[in-house]
Amino acid sequence: MKRAEYFADRKFPAGSVDDNVFASFTEHLGRCIYSGLYEPGHPEADEQGFRKDTIRLIKELGVPMVRYPGGNFVSCFDWTDSIGPKENRPRRMDYAWASVETNEFGLDEFVDWAKKAGVEPMMAVNLGTDSIRSAGYLVEYCNHPGGTYWSDLRIKNGHKEPYNIKYWCLGNEMEGSWQAGHLNAEDYAKKALEAAKIMRWVDPSIKLIASGSSYEMLPSYLEWDKTILTELYDHIDYISTHAYYMNKNNCMGTTDFLASYKQLDTHLKATETALDFVQAKATKKKPIQICLDEWNVWNFSDIVFEKMDDLLGMTTFQMTSAKPWEVAPSILEEKYSLLDALTLGGLAITLLQHADRVKIACLAQLVNVIAPITTKRNGGILKQSTFYPFLYLSRYGRGEVVKSIVSSPQYDSVYGTLPVVEAVTVYNREDETATIFALNCDQEEDVEFKAELNHFGKVRLMEHIVLDGPDLEAFNSFEHPENVMPREIPVGGEEAESLTTVLPKLSWNVLRYKVNEK
Ligand code: AHR
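### Some details on the overall build of the chain
Of the regular secondary structure elements, the chain holds ten helices and 25 strands. Taken over C-alpha atoms, the radius of gyration comes to 23 Å for the chain, in line with the 24 Å a tight globule of 518 residues would show. In the chain, which comprises 518 residues, the share counted as buried stands at 61%. Long-range pairs, those at least 24 residues apart, make up 78% of the contacts in the chain between residues at least 6 apart in sequence.

Here it is, written out as structure tokens:
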């Protein structure tokens with residue numbers, strides 16, 4: 001059996017984990033909203049048509065905040081279409097996803113839904129095809145107490161109290177040619193700055209997130225960040241970036257796909273470097289944080305798209321699963337395999353490793369569309385394989401990341417030579433636990449894992465949860481909902497300063513220790 005040694009030290013904090021890194025994202029795309037969140041007439045629908053079964057699973061995931069209404073959708077969206085009496089709301093062509101948007105579920109419904117789901121709403125404004133004035137009006141509608149046209153309209157629409165929405169995205173993926181109203185960096189910076197001014201005049205307390213660069217293959221990658229940060233530095237709190245990892249038709253192969261965590265690490269370091277550069281050059285004190293407001297494994301199964309580089313010059317997403325201009329078509333309904341779930345688990349480890357800089361992260365998305373939860377129209381609900389790593393990340397990933405180092409055998413990947421074990425430790429002072437999340441990338445052998453948790457006193461392994469299985473292609477379905485499930489490995493319960501466990505081959509592990517640092 002291979003051997004790995006791992007050292008983590010409580011006295012060396014590496015970043016406190018913001019609860020908002022367990023956030024998610026819902027977009028007017030496919031069946032995310034319609035029949036995902038909202039399905040009047042469904043046996044589980046409440047009086048507003050919100051699916052209670054979906055809400056239950058979202059609560060189980062512990063999602064603190066949900067971004068809305070897009071995504072690419074937001075750049076074609078007129079938010080005023082989505083308020084007021086439902087019978088007066090227009091049916092519109094949504095250009096982003098070639099669908100028909102009925103606007104039956106809109107802004108006020110989202111805020112009501114968020115309250116019931118126990119999540120904080122996070123909004124994106126349309127800086128593609130809409131105006132800076134409209135962005136100001138939207139903040140006024142949501143956050144102004146009353147006595148003005150838009151705030152009084154919210155009250156008339158049944159919401160006396162302001163929504164006090166705190167987090168606002170200044171557009172979405174504005175660097176991309178597929179975005180409606182795509183701009184170059186200079187023009188985006190000008191528009192975002194003017195929008196930010198107006199939005200903050202309306203509500204000075206809001207936090208603003210600039211649309212940063214996400215896609216390495218675009219010539220503007222990082223140059224975009226440098227330009228917009230230079231212009232916007234004093235006006236924003238976060239810069240957003242997105243990260244998707246694909247293995248369509250096994251184009252990456254198991255080894256390299258699983259190693260996507262390394263690519264996310266490089267990606268986040270690149271954004272951090274752009275931030276550091278602009279901060280140093282402009283001698284600014286205030287740090288700007290990273291908002292990874294879309295991240296996931298996405299295999300683009302039903303999109304004419306072979307590799308991420310295809311994004312270069314792309315102006316539309318061509319779907320193979322639906323004809324244009326359907327209402328809530330079944331598109332982007334990825335079926336996630338065990339390999340996808342392991343890969344997502346690896347990405348989650350990287351996310352925690354960057355807890356000092358990434359203060360918001362939204363798993364994209366939450367329901368039906370590239371999501372851990374799948375619903376059936378007029379039917380049941382399913383936990384996909386990716387539900388589980390996200391669940392444990394959210395449940396046990398809260399606290400303080402501490403510095404750690406691993407010494408293990410290595411493997412070769414497209415990202416270089418890497419240790420077969422990738423791990424991170426989170427210390428939770430309140431419940432006196434330390435949790436190690438560890439991915440064993442070895443495809444042939446289990447790895448004996450000796451964990452030394454320094455300055456934690458005597459530690460006791462309470463729980464070892466593992467996600468693994470004989471078939472990497474296995475996925476959950478309504479017929480077989482438990483094909484991919486984590487299992488518990490029995491633990492001895494002994495106390496020591498270092499403990500040895502076994503990480504099964506190709507597995508994602510959650511090792512929970514009771515610690516006693518006194
Ligand atoms: O999440 C799906 C899409 O991915 C979003 O609409 C867009 O922002 C990204 O390209």
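There is more to say, and it comes next.
### Overview of the site of the ligand
Residues in contact with the ligand amount to 14 residues; listed here are only the nearest, Glu27, Asn72, Glu173, Tyr244 and Glu294. Between Asn72 and the ligand, the recorded distance is 2.8 Å, taken from a backbone N or O atom to an oxygen atom. In this structure, Tyr244 approaches the ligand through a side-chain N or O atom, which is 2.8 Å from an oxygen atom. Protein contacts shield 99% of the accessible area of the ligand, which totals 280 Å² for the unbound molecule. Judged by its atoms lying within 2 Å of the grid points, the ligand is housed in the largest cavity.

### Here we look at the domain arrangement of the chain
Looking at the assigned domains, one finds that the chain contains domain 1 (2-10 + 400-516) and domain 2 (18-396). Taken together, the contact pairs 40 residues of domain 1 with 37 residues of domain 2. Together, the buried faces of domain 1 and domain 2 total about 3,300 Å²; carbon and sulfur atoms form 74% of this surface. Ranking the residues of domain 1 by area buried against domain 2 places Tyr415, Phe478 and Trp508 at the top, with a combined share of 23%. In this structure, the connection of domain 1 to domain 2 is made through zero salt bridges.

### Things to note about the environment of Glu87
With respect to the helices and strands, Glu87 occurs in the loop between strand S3 (65-68) and strand S4 (92-94). For Glu87, a relative accessible area of 67% gives the class exposed. Here the alpha-carbon distance between Glu87 and Asn157, two residues 70 residues apart in the chain, equals 13 Å.

### Examining the nonpolar core
Grouped together as the largest cluster of nonpolar side chains are 182 residues, with contacts concentrated most on Trp113, Trp168, Leu170, Tyr188 and Trp295. The residues that make up this core include at least three from each of domain 1 (2-10 + 400-516) and domain 2 (18-396).

### Brief notes about the sheet that holds strand S10 (residues 289-297)
The strand order S2-S3-S6-S7-S8-S9-S10-S12 describes a closed barrel built from eight strands, whose pairing is parallel. Pairs of neighbouring strands in the sheet enclose a mean axial angle of 30°, with direction left out of account. Relative to S10, strand S9 (residues 238-245) runs parallel, the two being bridged by seven bridges. In the strand pairing of S10, Tyr238 is matched with Gln289.

### Topic: the sheet that holds strand S5 (residues 99-101)
Spatial ordering of the open sheet is given by S4-S5-S11, a layout of three strands whose pairing is mixed. Two strands close off the open sheet at either side, each with one partner strand: S4 and strand S11 (326-327). Across three bridges, S4 lies against S5 in antiparallel orientation. Bridging across to S5, Arg92 finds its partner in Glu101.

### A closer look at unusual backbone geometry
At the junction of Tyr68 and Pro69, the peptide bond is cis and its omega measures out at 5° in the coordinates. Following the sequence through the fold, Pro69 ends up in the loop between S3 and S4. Unlike most non-glycine residues, Glu173 shows phi in positive territory, near 40°. Looking at the secondary structure, you find Glu173 in the loop between strand S7 (167-170) and helix H5 (185-202). Positioned with a positive phi, Leu222 is a non-glycine residue whose angle comes to about 70°.

### Examining the side chain of Arg89
Note that Arg89 resides in the loop between S3 and S4. Assessed through its relative accessible area of 9%, Arg89 is described here as buried. Within polar-contact distance, the side chain of Arg89 engages the backbone oxygen of Asn103 at 2.9 Å. Beyond its immediate chain neighbours, meaning those up to four positions away, Arg89 contacts Asp81, Ser82, Ile83, Gly84, Thr102, Asn103, Glu104, Phe105, Gly106 and Glu109.

### Things to note about the packing of helix H3 (residues 132-143) against H5
Packing of H3 against H5 leaves a shortest axis separation of 8 Å and a crossing angle of 25°. Accordingly, the angle class assigned to the pair H3 and H5 is roughly parallel. With respect to the hand of their crossing, H3 and H5 are arranged in right-handed fashion. Across from Ile132, Ala135, Gly136, Val139 and Glu140 in H3, the residues of H5 making contact are Lys191, Glu194, Ala195, Ile198, Met199 and Val202. Of the residues belonging to the contact of H3 with H5, the class tally is seven nonpolar, one polar and three charged.

### Section: empty space enclosed by the protein
Evaluation of the coordinates by the stated rule reveals four cavities of 30 Å³ or more. Approximately 130 Å³ is the volume attributed to the largest cavity. Together, 19 residues line the largest cavity, and Asn72, Glu173, Tyr244, Glu294 and Trp298 are the ones closest to its centre. Class assignment of the residues belonging to the lining of the largest cavity gives a composition of twelve nonpolar, four polar and three charged.

The rules we used
- Residues numbered from 1 in each chain as written.
- Predicted model: local features only at pLDDT ≥ 70, side-chain atom pairs only at ≥ 80, totals over all residues.
- Heavy atoms only, no water.
- Helix = DSSP H or I, 4+ residues; strand = E, 2+ residues; numbered from the N terminus.
- Rg over C-alpha atoms; globule rule 2.2 N^0.38 Å.
- Buried < 20%, exposed > 50% of the residue type's maximum accessible area, 1.4 Å probe, protein only.
- Contact = heavy atoms within 4.5 Å.
- Near = heavy atom within 4 Å.
- Polar contact = N/O pair within 3.5 Å; in protein donor to acceptor, adjacent residues only side chain to side chain.
- Areas by Shrake-Rupley, 256 points an atom, 1.4 Å probe, with all protein chains shown as cover.
- 1 Å grid on protein atoms, 1.4 Å probe; cavity = no way out; pocket = protein on both sides within 12 Å on 5 of 7 lines; lining within 4 Å.
- Sits in = over half its atoms within 2 Å of the grid points.
- Domains from an automatic or database assignment.
- Buried area = accessible area lost by both parts, 1.4 Å probe.
- Salt bridge = Lys/Arg side-chain N within 4 Å of Asp/Glu carboxyl O.
- Core = buried A, V, L, I, M, F, W, Y, C linked by side-chain atoms within 4.5 Å.
- Pairing = 2+ DSSP bridges.
- Axes fitted to C-alpha atoms, helices over the stretch in contact; angles between N-to-C directions.
- Parallel < 35°, antiparallel > 145°, perpendicular 65-115°, else oblique.
- Left-handed = near helix turned anticlockwise from the far one by under 90°.
- Nonpolar A, V, L, I, M, F, W, Y, C, P; charged D, E, K, R; others polar.
- Points joined across faces, edges and corners; volume = space filled by probe spheres on them.

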